[in-house]
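# Structural overview for review
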Amino acid sequence: MAWSKYQLILAVTMVVTGSINTLSTKWADNLESQGADGNVRAFSHPFVQACAMFLGEMLCLLAFKMLYYNLRRRRDGSEDTHELTKGNRDFNPFILFVPAMCDMIATSIMYIGLNLTYASSFQMFRGSVIIFVGILSVAFLNRVLKGREWTGIVFVIIGLAIVGVSDFIANDGGIAHSRNNVITGDLLIILAQIITSVQMVYEERFVAGLDIPALQAVGWEGFFGFSVLGTLLIPFYYIHVGPPFNNNARGTLEDFVDALIQIRNNWQLVFAIAGTVISIAFFNFAGISVTKEISATTRMVLDSVRTLVIWLVALAVGWQQFHALQILGFGGLLFGMCLYNNVFVLQCWSAARGLYMRQRHGYQEAQGIITIRADDPQIA
């Protein structure tokens, strides 16, 4: 079935804004600016960037409230039928506190990892969440994975292993971080996916059945994440850590004052942070809408497309060099994700098998070996 113009716009919006979100964050990591101590250094403030991301998610709650009250003013009941506002709006928001905390921890760890590794590797390693979601859903949701899903997980593991090997053997002169930093970043991203999988399983177990409007749920998680992480910036300001996590004016876990001064001293950082805030808001809206308008599997495929976009942009701007192993790794990752979600792979296999059977039966009929019946199930 062909996509409508609206569905096509949603798909493009999801790929573009999702790519911008990762690229703008990595762009900020690569920018240099004068800090609070007068020294010029790279912008290394993962927790401040995570706060920016949660601020973007909070915008979803603001958008939901504005849309809901605008629809309610019509007094025609449209707030109960609109795709973005219908559902259970009378719930305890604190049911979303646990997934918000998982999101906060995972996002902070991922942004630390992104600061140490490549943007493309960051996006590819995020695909490992399938592995942990599958395992946790078996353990806590009593789900039985099919052979196709287990095979998909194996291909995802193989693809990620190849990407990891590529990062290990890479020696990109244009990258400021050492090989150990890159591997540390990759491992941190995988650790973050374990936490993200806990969030997804929790949401499926305790939140999915409540029929909460998705835009509202994302907004509340953003509110909780921003509130808690914003408060934690105060003690982080006084916690001294060692390299490579102390690249700020005070050598602490996070120096938000130094971050604000660096942003003030480099206008490009303003655009990079704004790109993170705005893109995450539109990305969440587009992702939710794609799930509703098309399907969740289409959303997964589009998420894989943005991985390719991020990799190509990173190569184009010189953030990393080309490594053929990453193509093989990305291929294994994409194949595994498609197989796990039953997208394209089995359908293509069935179509190819059907074509082969039709050709085979047509040849046999031409040779007078068999007579094809219209109701033959093998060629239906």
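Here's a quick rundown of the structure.

The rules behind each value
- Residues numbered from 1 in each chain as written.
- Predicted model: local features only at pLDDT ≥ 70, side-chain atom pairs only at ≥ 80, totals over all residues.
- Heavy atoms only, no water.
- Helix = DSSP H or I, 4+ residues; strand = E, 2+ residues; numbered from the N terminus.
- Buried < 20%, exposed > 50% of the residue type's maximum accessible area, 1.4 Å probe, protein only.
- Contact = heavy atoms within 4.5 Å.
- Areas by Shrake-Rupley, 256 points an atom, 1.4 Å probe, with all protein chains shown as cover.
- 1 Å grid on protein atoms, 1.4 Å probe; cavity = no way out; pocket = protein on both sides within 12 Å on 5 of 7 lines; lining within 4 Å.
- Points joined across faces, edges and corners; volume = space filled by probe spheres on them.
- Axes fitted to C-alpha atoms, helices over the stretch in contact; angles between N-to-C directions.
- Parallel < 35°, antiparallel > 145°, perpendicular 65-115°, else oblique.
- Left-handed = near helix turned anticlockwise from the far one by under 90°.
- Nonpolar A, V, L, I, M, F, W, Y, C, P; charged D, E, K, R; others polar.
- Patch = residues over 30% accessible without salt bridge, like charges linked within 9 Å, V, L, I, M, F, W, Y side chains within 5 Å.
- Salt bridge = Lys/Arg side-chain N within 4 Å of Asp/Glu carboxyl O.
- Lys, Arg positive; Asp, Glu negative; His and termini not counted.

### Regarding the overall build of the protein
Of regular secondary structure, the protein possesses 13 helices and 2 strands. For the protein, the residues scored as buried account for 49% of the 380 residues in total. Taking as baseline every contact in the protein between residues at least 6 positions apart, the subset at least 24 positions apart corresponds to 76%. Accessible surface, the protein: about 18,600 Å² in total, of which carbon and sulfur atoms supply 65%.

### Comments concerning empty space enclosed by the protein
With the rule as written, the count across this model stands at 1 cavity of 30 Å³ or more. The calculated volume of the largest cavity comes to roughly 90 Å³. Surrounding the largest cavity, Ser-44, His-45, Pro-46, Phe-47, Ile-112, Asn-115, Leu-116, Pro-244, Phe-245, Asn-248, Leu-253 and Glu-254 form its lining. The biggest single contributor to the lining of the largest cavity is helix H3 (residues 97–116), with 3 residues.

### Points about the packing of helix H6 (residues 147–169) against helix H12 (residues 324–340)
At a closest axis distance of 7 Å, the pairing of H6 and H12 adopts a crossing angle of 160 degrees. For the element pair H6 / H12, the angle class is roughly antiparallel. Crossing angle aside, the handedness with which H6 passes H12 is left-handed. Among the residues forming the contact of H6 with H12, the class breakdown is 16 nonpolar, 8 polar and 3 charged.

### Examining a nonpolar patch on the surface
A surface patch of nonpolar side chains, amounting to about 430 Å² of accessible area, comprises Trp-3, Leu-8, Val-12, Val-16 and Ile-20. By secondary structure assignment, the location of Val-16 is in helix H1 (residues 5–30). Val-16 sits in the partly exposed class, given a relative accessible area of 42%.

### Brief notes about the pattern of salt bridges
Tallying each qualifying case throughout the model produces 4 salt bridges. A salt bridge links Asp-80 to Arg-89; its shortest N-O distance comes to 2.7 Å. What makes Arg-89 partly exposed here is its relative accessible area of 24%. Among the salt bridges present, the one from Arg-143 reaches Glu-149, with a minimum N-O distance of 2.5 Å. For Glu-149, a relative accessible area of 6% gives the class buried. Bridged by salt links that share partners, the residues Asp-37, Arg-41 and Asp-258 form one connected network.

### Re the side chain of Gln-193
Topologically, Gln-193 is positioned in helix H7 (residues 179–207). Classification of Gln-193 by relative accessible area gives buried; the value is 3%.

### A closer look at the side chain of Lys-26
Counting through the fold element by element, Lys-26 comes out in helix H1. Despite its burial, Lys-26 pairs with no opposite charge, the nearest such side chain being Asp-29 at 4.6 Å. Excluding anything up to four places from it in sequence, Lys-26 contacts Leu-114, Asn-115, Thr-117, Ala-119 and Trp-319.

### Notes on unusual backbone geometry
Trans is the prevailing form of peptide bonds, just as negative phi is the prevailing case for residues other than glycine. In this structure, the amide linkage connecting Pro-243 to the following residue, Pro-244, adopts the cis form with an omega of 5 degrees. Tracing the backbone shows Pro-244 in the loop between helix H8 (214–236) and helix H9 (256–265). Even without a glycine there, the phi angle at Arg-75 is positive, about 55 degrees. Examined against the element boundaries, Arg-75 turns out to sit in the loop between helix H2 (46–72) and H3. The backbone phi angle of Asp-211 is positive, close to 55 degrees, even though this residue is not glycine. Looking at the element boundaries, Asp-211 is found in the loop between H7 and H8.

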